[in-house]
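The residues making up each chain are set out below.
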Amino acid sequence: MDDRAPRVEGRRRARDAGARPAGQGSAGAVLQRVREAIEGAADRDEILRCAVRALSEGMARYTWTGIYLLEGETLVLHNQVGLPTPHMRISIGQGICGLAARQRKTVVVPEVGKDPRYLACSLKTQSEIVVPIFKNGEVVGEIDVDSDFPDAFDQEDRRILEETARLIGEAI
């Protein structure tokens, strides 16, 4: 039996359930909304708030979207769309968020229940992607996205989130 079969089926279910409703378009359309939101923002907090909202509204599979900013050795949640989280502050190296900041690279977890590093926020969360935000070559924060579907994130999601992180890093 192919070990990948459940992951492929999980991705199909996530894609079917997360099909973009009317008004929610392609990766290009989502990125355009993010660009417009960032360009129209007056300050850092509005940039973060608008970026989170644009991602959340543009990607139906994103059940929790947040941005953490680095303060010393701690990631501090600044904006989110989704249910409240108990993880308002995360130390570098702790959980998937802390791992992404420490390793300075995107981390994708297709099935959070199988990863002992995962810090549970919701029992419904099945997968997570965390993308660092860089400014002048240094990690200054990250975008954290959870999905209630297993293996919900693909290369398109990664591209959208990494480009969003780049845009935020340039704007803040």
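Notes on the structure follow. Treat the numbers as computed from the prediction; the structure is a model and nothing was measured. Counting from 1, residues in each chain are numbered in the order their sequence is written. Only residues with pLDDT of at least 70 get local features here, since the model is predicted, and only at 80 or more are side-chain atom pairs given and counted; chain-wide, interface and lining totals rely on the full set of residues. The side-chain figures draw on all heavy atoms in the structure; neither hydrogens nor water molecules are used.

### Some words on helix H2 (residues 27–39)
In step 1: A helix here means a DSSP run of H or I that spans at least four residues, while a strand means a run of E at least two residues long, and both kinds are numbered starting from the N terminus. Here, expected helix span is obtained from the residue count minus one, scaled by 1.5 Å. Its 13 residues give H2 an end-to-end C-alpha distance of 18 Å, which sits within 8% of 18 Å, the value for a rise of 1.5 Å per residue.
In step 2: In what follows, residue pairs with any heavy atoms lying within 4.5 Å of each other are defined as contacts. In this structure, the buried residues of H2 make contact with helix H3 (44–58) and helix H5 (155–171).

### As for the pattern of salt bridges
In step 1: Salt bridge, as used here: a side-chain nitrogen of Lys or Arg that lies within 4 Å of a carboxyl oxygen of Asp or Glu. Within this structure, the stated rule accounts for 8 salt bridges.
In step 2: The shortest N-O distance in the salt bridge between Glu111 and Lys114 comes to 3.4 Å.
In step 3: The cut-offs for exposure are 20% and 50% of the maximum accessible area for each residue type, with area from a 1.4 Å probe on protein chains only; residues under the lower value are buried, those over the upper are exposed, and the others partly exposed. Residue Glu111 is classed as partly exposed on the basis of its relative accessible area, which comes to 28%.
In step 4: The closest approach of N and O atoms between Glu163 and Arg166, which form a salt bridge, is 2.6 Å. Remark: Arg166 and Glu163 occur in helix H5; sequence separation between them is 3 residues, near one turn of the helix.
In step 5: Judged by relative accessible area, which is 37%, Arg166 ranks as partly exposed.
In step 6: The network of salt bridges with common partners includes Arg35, Glu163, Arg166 and Glu170.

### Brief notes about H5
In step 1: The end-to-end C-alpha separation of H5 is 24 Å, in line with the 24 Å expected for 17 residues at 1.5 Å each.
In step 2: Residues Asp157, Ile160, Leu161, Glu163, Thr164, Ala165, Leu167, Ile168 and Gly169 constitute the buried set of H5.
In step 3: Its side-chain oxygen placed 3.0 Å from the backbone nitrogen of Glu156, Asp154 serves as the N-cap of H5. Polar contacts, as used here, are pairs of N or O atoms within 3.5 Å; protein pairs need one atom able to donate a hydrogen and one able to accept it. Residues neighboring in sequence count only if both atoms are side-chain atoms.

### Notes on the pairing of strand E6 (residues 138–147)
In step 1: Most of E6 sits out of view: 8 of its 10 residues are buried.
In step 2: Bridge count for strand E1 (residues 64–71) against E6 is 6 bridges, and the pairing is antiparallel. Looking at the pairing, Tyr68 lines up with Glu142 of E6.
In step 3: Bridge count for strand E5 (residues 127–135) against E6 is 9 bridges, and the pairing is antiparallel. Note: two strands are recorded as paired if DSSP finds a minimum of 2 bridges between them.

### Looking at the nonpolar core
In step 1: Residues belong to a common nonpolar core when they are buried Ala, Val, Leu, Ile, Met, Phe, Trp, Tyr or Cys residues joined through side-chain atoms within 4.5 Å. Of all hydrophobic cores here, the largest spans 28 residues; its most connected members are Leu55, Ile67, Ile143, Val145, Ile160, Leu161 and Ile168.
In step 2: Tallying contributions element by element places H3 first for this core, with 6 residues.
In step 3: Those residues in contact with Ile67 that lie beyond four places of it in its chain are Leu48, Ala51, Val52, Val76, Leu77, His78, Asn79, Ile133, Glu142, Ile143 and Ile168.
In step 4: Counting 16 residues, the second-largest nonpolar core is a separate cluster that includes Trp64, Ile90, Val107 and Val109.

### Looking at the sheet that holds strand E4 (residues 107–109)
In step 1: Taking strand neighbours across the sheet as the criterion, the 6 strands line up as E3-E2-E1-E6-E5-E4 in an open arrangement whose pairing is antiparallel. In the strand order of this sheet, the two ends are held by strand E3 (89–91) and E4, each with one partner. Strand-to-strand, the axes of this sheet are offset by a mean angle of 25 degrees, without reference to chain direction. Lines fitted to C-alpha atoms define the axes, with helix axes restricted to the stretch in contact, and inter-axis angles between N-to-C directions lie between 0 and 180 degrees.

Honestly, that's just the spatial picture; any functional story needs more than this.
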